[in-house]
Amino acid sequence: MALLEVKNLGISFGGLRAVDDFHMEIEQGQLYGLIGPNGAGKTTVFNLLTGVYEPTDGYIMLDGENITGKKTIEINKHGIARTFQNIRLFSELTVLDNVKVGLHNHYKYSTLTGILRLPRYYKVEKEMNERAMELLKVFDLDKEADYKASNLPYGKQRKLEIARALATDPKLLLLDEPAAGMNPNETLELMKTIRFVRDKFHMTILLIEHDMKLVSGICEKLTVLNFGQVLTEGPTAEVLKDPKVITAYLGE
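Computed from a predicted model, the values in this text were never measured in an experiment.

Caption draft 1: Focus on the nonpolar core. Counting 43 residues, the largest nonpolar core has Leu-160 and Leu-173 as its most contacted members. The residues contacting Leu-173, other than those within four sequence positions of it, are Ala-81, Ile-162, Ala-165, Leu-166, Val-197, Met-203, Thr-204, Ile-205 and Leu-206. Among the nonpolar cores identified, the runner-up in size contains 27 residues, and Leu-9, Val-45, Phe-46 and Ile-208 belong to it.

Caption draft 2: Expanded view of the pairing of strand β3 (residues 31-35). Within β3, five of the five residues are buried, leaving the element largely enclosed by the surrounding structure. Residue alternation in β3 divides its side chains into two sets, Leu-31, Gly-33 and Ile-35 and Tyr-32 and Leu-34, and both sets are buried. Pairing geometry for β3 and strand β8 (residues 204-208), over four bridges, is parallel. Bridge pairing in β8 places Gly-33 opposite Leu-207.

Caption draft 3: Region of the structure containing the environment of Val-245. Structurally, Val-245 is set in helix α10 (residues 243-250). A relative accessible area of 1% places Val-245 in the buried class. Remark: the alpha-carbon pair of Val-245 and Val-224, spanning 21 residues in sequence, is separated by 7.3 Å.

Caption draft 4: Examining the sheet that holds strand β5 (residues 65-66) more closely. Strand order in this open sheet of four strands is β2-β1-β4-β5, and the pairing throughout is antiparallel. What marks the edges here is a single partner per strand, and that holds for β2 (16-26) and β5.

Caption draft 5: Spatial organisation of the packing of aromatic side chains. For the coordinates displayed, the defined rule picks out one aromatic pair. Seen in terms of ring centroids, Phe-13 and Tyr-53 are 5.1 Å apart; in terms of plane orientation they differ by 70°. Their pairing is edge-to-face. On the criterion of sequence distance, the pair formed by Phe-13 in strand β1 (residues 4-13) and Tyr-53 in the loop between α1 (42-49) and β4 (57-62) is long-range, its members being 40 residues apart. Classification of Tyr-53 by relative accessible area gives partly exposed; the value is 29%. Geometry around Phe-84 places Arg-88 over its ring, the cationic atom sitting 4.0 Å from the centre.

Caption draft 6: Inspection of helix α6 (residues 154-166) at higher detail. Given a rise of 1.5 Å per residue, 13 residues ought to cover 18 Å, and the 19 Å separating the end C-alpha atoms of α6 matches this to within 8%. Across the 13 residues that make up α6, a large majority, eleven, are buried. Those residues of α6 that sit buried are Gly-155, Gln-157, Arg-158, Lys-159, Leu-160, Glu-161, Ile-162, Ala-163, Arg-164, Ala-165 and Leu-166.

Caption draft 7: The arrangement of the sheet that holds strand β9 (residues 221-226) in detail. Taken together, the six strands give an open sheet; going across it, the order is β6-β7-β8-β3-β9-β10, and neighbouring strands pair in mixed fashion. With one partner strand each, in any of the chains shown, β6 (80-82) and β10 (229-235) form the two edges of the open sheet. Here the average twist between neighbouring strands, direction ignored, is 20°. As paired elements, strand β7 (residues 172-176) and β8 share five bridges and run parallel to each other. By the bridge assignment, Leu-174 is partnered in β8 with Leu-206. Against the sheet, α6 makes contact with β6 and β7, and its axis sits at roughly 155° relative to β7, the strand it touches most.

Conventions and cut-offs
- Residues numbered from 1 in each chain as written.
- Predicted model: local features only at pLDDT ≥ 70, side-chain atom pairs only at ≥ 80, totals over all residues.
- Heavy atoms only, no water.
- Core = buried A, V, L, I, M, F, W, Y, C linked by side-chain atoms within 4.5 Å.
- Buried < 20%, exposed > 50% of the residue type's maximum accessible area, 1.4 Å probe, protein only.
- Contact = heavy atoms within 4.5 Å.
- Helix = DSSP H or I, 4+ residues; strand = E, 2+ residues; numbered from the N terminus.
- Pairing = 2+ DSSP bridges.
- Phe/Tyr/Trp six-rings, centres within 6.5 Å; stacked < 30°, edge-to-face > 60°.
- Lys NZ or Arg CZ within 6 Å of the ring centre and 35° of its normal.
- Expected span 1.5 Å × (residues − 1).
- Axes fitted to C-alpha atoms, helices over the stretch in contact; angles between N-to-C directions.

Okay, here's the thing in C-alpha cells:
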C-alpha cells in the first residue's frame, strides 16, 4: 500500500479548472518530484494535500486514512508537513524557538501550568529544548540556536525551515521549491541535506522544483503537471527524456 494515494483530485475556482483528475502514488521512503512549467498547478496540488484548499472532487489517502477535506492542522497531525517557496520562519524568534514551534503538537501543558510555571511546565520545556537541539545538530545549526532566525544566511534559513517541519514528526514531507534563490554551491549542499533527511528519518519526501540538476540528482520518480493535468509520470530519467516533457517544460 502506498503511503500517499491521490485519485481524481480536482479543484475549480469560479469557472477555472485549476487542477483536474490529478493522481499520484508515493511509496514509503521515496524521494518523489512534482514538476511542470509555471502556472501548471503544482502549488495548488500542495495546497490541496495540506488542507489550504478543499478539493472539488477526488480523494487523498495518507497511510490508509482518508484525509480529504480535513483542515490544515488536522492534516499536519495526521502526518504531512511542508515548507514554502518563500521562507516562512518566525524571523524575530530564535533558531531554537522556531523549531520548538513545530514540537507543540507533541509536547503540551495547560495555559494555567504555563502561567504559574508549575513543575510540568519546566519538565516539558526541558524536553522540548533537548529535542529541538537534537534536530538543530542534524542540520549543523546548534551553534546558532540563540540567533534570531532572520540573522541566518539564506541557505541555513532553508535548513531551519526543514528542521521545523521535521519537528512535527511527519510521515510525508513536502518541499516547495527548496532550491529557490540558492547559488550552485548552496543547491549542492541542499541535495545532500535532503538525501540525509530521507535516510536518517526514514522520511518520504515530495518536492516541487524547477532546478533540473537537483531533480535529476535526487528524485527517484516524477509526475509532470501541465495546465492542471498529469502530463506523464514514471522514473526520473525516463520522464526527463520524454518529448512531451521537453516540449512543455523545457521549451524545446
